[in-house]
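Tertiary structure, described
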Amino acid sequence: MGMAAADSEFHVLAVDDSLIDRKLVERLLKTSSFQVTTVDSGSKALEFLGWHEDDRSNSNETSVSPKNHQEVEVNLVITDYCMPGMTGYDLLKKMKESSSLRNIPVVIMSSENVPSRITRCLEEGAEDFFLKPMKLSDVNKLMPHMMKTKYKEDNIIEKPEKQEKQESNKEETTQESDDVQLSLQEQLNGNNNNKRKSIDDGLPPVRTRPRYNGLTVMSN
């Protein structure tokens, strides 16, 4: 139950032009308590992610449009390799070229076991390569990839909070140190005053010589 509750925080975008394969992937992921969104093409996946291509005459960069960007965070994209129009490899490349999407893990699926294809995808930045049909054991392999992304995000959020806490602790420590020094100084001053008083109390009274009409009377 605890694992299911933790897994439900993760959102997977599944991309496949085959309805049967999409339904299979969706069922397997939901069985493991993942949140799932399915689309049937690479272009729809990019649209869901909020990716858009800037005017090539002015810029060669790609970015994410705030207006189109999905409200639900995507922790992993799993896509078929062979799709009409935009292949899974093309989708992978476009995501890795985008500064806003490159950190989302991508896993490629294919019904064909072609070593050169697998190597090509892994070299481009894919986290893993599964043979279709997808199995429950494959789903278990997805968690480490999503945990890495989640850990990075948590660190980014916690870092300013941790720094603020450290600065607060530093100020408290400095204040405590100042209070201790002040207390010691007060005790030291008090001891010096007591010693001086004790010395003054122990001295014999000063003997004065009586004077009569400007003459000093000497006493034996």
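Residues numbered from 1 in each chain as written. Predicted model: local features only at pLDDT ≥ 70, side-chain atom pairs only at ≥ 80, totals over all residues. Heavy atoms only, no water.

1. Focus: the overall build of the chain
Regarding its fold elements, the chain presents 6 helices and 9 strands. Here the chain holds 220 residues, and the buried ones make up 32% of them. Partitioning the intrachain contacts of the chain with sequence separation of at least 6 by distance along the chain shows that 61% fall at a separation of at least 24. If you sum the accessible surface of the chain, you get close to 15,000 Å²; carbon and sulfur atoms cover 51% of it. (Helix = DSSP H or I, 4+ residues; strand = E, 2+ residues; numbered from the N terminus. Buried < 20%, exposed > 50% of the residue type's maximum accessible area, 1.4 Å probe, protein only. Contact = heavy atoms within 4.5 Å. Areas by Shrake-Rupley, 256 points an atom, 1.4 Å probe, with all protein chains shown as cover.)

2. Considerations on the side chain of Glu 26
Within the secondary structure layout, Glu 26 lies in helix 2 (residues 19–31). With a relative accessible area of 17%, Glu 26 lands in the buried category. Residues in contact with Glu 26, not counting those within four places in the same chain, are Val 36 and Thr 38.

3. Structural notes on the pattern of salt bridges
On inspection of all chains with the given rule, the structure shows 8 salt bridges. Salt-bridge contacts for Glu 26 lead to Lys 30; the nearest nitrogen and oxygen are separated by 3.0 Å. Placement of both Glu 26 and Lys 30 in helix 2 is noted, with a separation of 4 residues, approximately one turn of the helix. Put simply, Glu 112 and Arg 117 hold a salt bridge, and the shortest N to O gap is 2.9 Å. Through salt bridges with shared partners, one network takes in Asp 16, Asp 21, Asp 80 and Lys 132. (Salt bridge = Lys/Arg side-chain N within 4 Å of Asp/Glu carboxyl O.)

4. A word on the UniProt feature "modified residue: 4-aspartylphosphate" (unreviewed entry) in the chain
UniProt's feature table lists "modified residue: 4-aspartylphosphate" (unreviewed entry) at Asp 80, given in the numbering used throughout. Mapped onto the fold, Asp 80 is located in strand 5 (residues 76–80). The exposure class assigned to Asp 80 is buried, which follows from its relative accessible area of 5%. In this view, Asp 80 contacts Val 15, Asp 16, Asp 17, Gly 88, Met 109, Ser 110 and Lys 132; residues no more than four positions away in its chain are not counted. (UniProt positions renumbered as here; feature names shortened; annotations may be inferred.)

5. Section: the packing of helix 3 (residues 42–49) against helix 4 (residues 88–97)
Packing of helix 3 against helix 4 brings their axes to within 9 Å, and their N-to-C directions diverge by 25°. When the axes of helix 3 and helix 4 are compared, the pair comes out roughly parallel. Every pair of crossing elements has a handedness; the one defined by helix 3 and helix 4 is right-handed. Only Leu 91, Lys 94 and Met 95 of helix 4 make contact with helix 3, whose side of the interface consists of Gly 42, Ala 45, Leu 46 and Leu 49. Class assignment of the residues belonging to the contact of helix 3 with helix 4 gives a composition of 5 nonpolar, 1 polar and 1 charged. (Axes fitted to C-alpha atoms, helices over the stretch in contact; angles between N-to-C directions. Parallel < 35°, antiparallel > 145°, perpendicular 65-115°, else oblique. Left-handed = near helix turned anticlockwise from the far one by under 90°. Nonpolar A, V, L, I, M, F, W, Y, C, P; charged D, E, K, R; others polar.)

6. A word on the state of the cysteines
Throughout the structure, instances matching the rule amount to 0 disulfides. Cys 121 supplies the cysteine sulfur nearest to Cys 82, a cysteine that is in no disulfide, at a spacing of 9.6 Å. Residue classification places Cys 82 among the partly exposed positions, given a relative accessible area of 40%. Owing to a relative accessible area of 0%, Cys 121 belongs among the buried residues under this scheme. (Disulfide = S-S within 2.5 Å.)

7. Side note on the packing of aromatic side chains
Describing an aromatic ring pair means giving the distance of the ring centres and the angle of the ring planes. All chains considered together, the criterion is met by 0 aromatic pairs. Directly above the aromatic system of Tyr 89 lies the positively charged group of Arg 120, at a separation of 3.8 Å from the ring centroid. (Phe/Tyr/Trp six-rings, centres within 6.5 Å; stacked < 30°, edge-to-face > 60°. Lys NZ or Arg CZ within 6 Å of the ring centre and 35° of its normal.)

8. Structural notes on the pairing of strand 7 (residues 128–131)
Pairing of strand 6 (residues 106–110) with strand 7, which is carried by 4 bridges, proceeds in the parallel orientation. Residue pairing in the sheet places Met 109 in a bridge with Phe 130 of strand 7. (Pairing = 2+ DSSP bridges.)

9. A few points about the nonpolar core
The biggest cluster of nonpolar side chains holds 24 residues, and the ones touching the most others in it are Val 77 and Met 95. Among the secondary structure elements, those contributing two or more residues to this core are strand 1 (11–15), helix 3, helix 4, strand 6 and helix 5 (115–124). If one sorts the elements of this core by residue count, helix 4 sits on top with 4 residues. Discounting residues that sit within four places of it in the chain, Met 95 has contacts with Leu 46, Leu 49, Val 77, Leu 101, Arg 102, Ile 104 and Val 106. (Core = buried A, V, L, I, M, F, W, Y, C linked by side-chain atoms within 4.5 Å.)

10. Points about helix 2
If you check helix 2, its first and last C-alpha atoms are 18 Å apart, about what 13 residues at 1.5 Å a residue would give, namely 18 Å. Restricting attention to buried positions, one finds in helix 2 the residues Arg 22, Val 25, Glu 26, Leu 28 and Leu 29. In an axial view of helix 2, the angular spread of the buried residues amounts to 165°, which keeps them on one side of the axis. Residues of helix 2 that are exposed and point over 90 degrees away from its buried face: Ile 20, Arg 27 and Thr 31. Following helix 2 by one or two positions, Ser 33 adopts a phi angle in the positive range, close to 70°. (Expected span 1.5 Å × (residues − 1). Arc of directions from axis to C-beta.)

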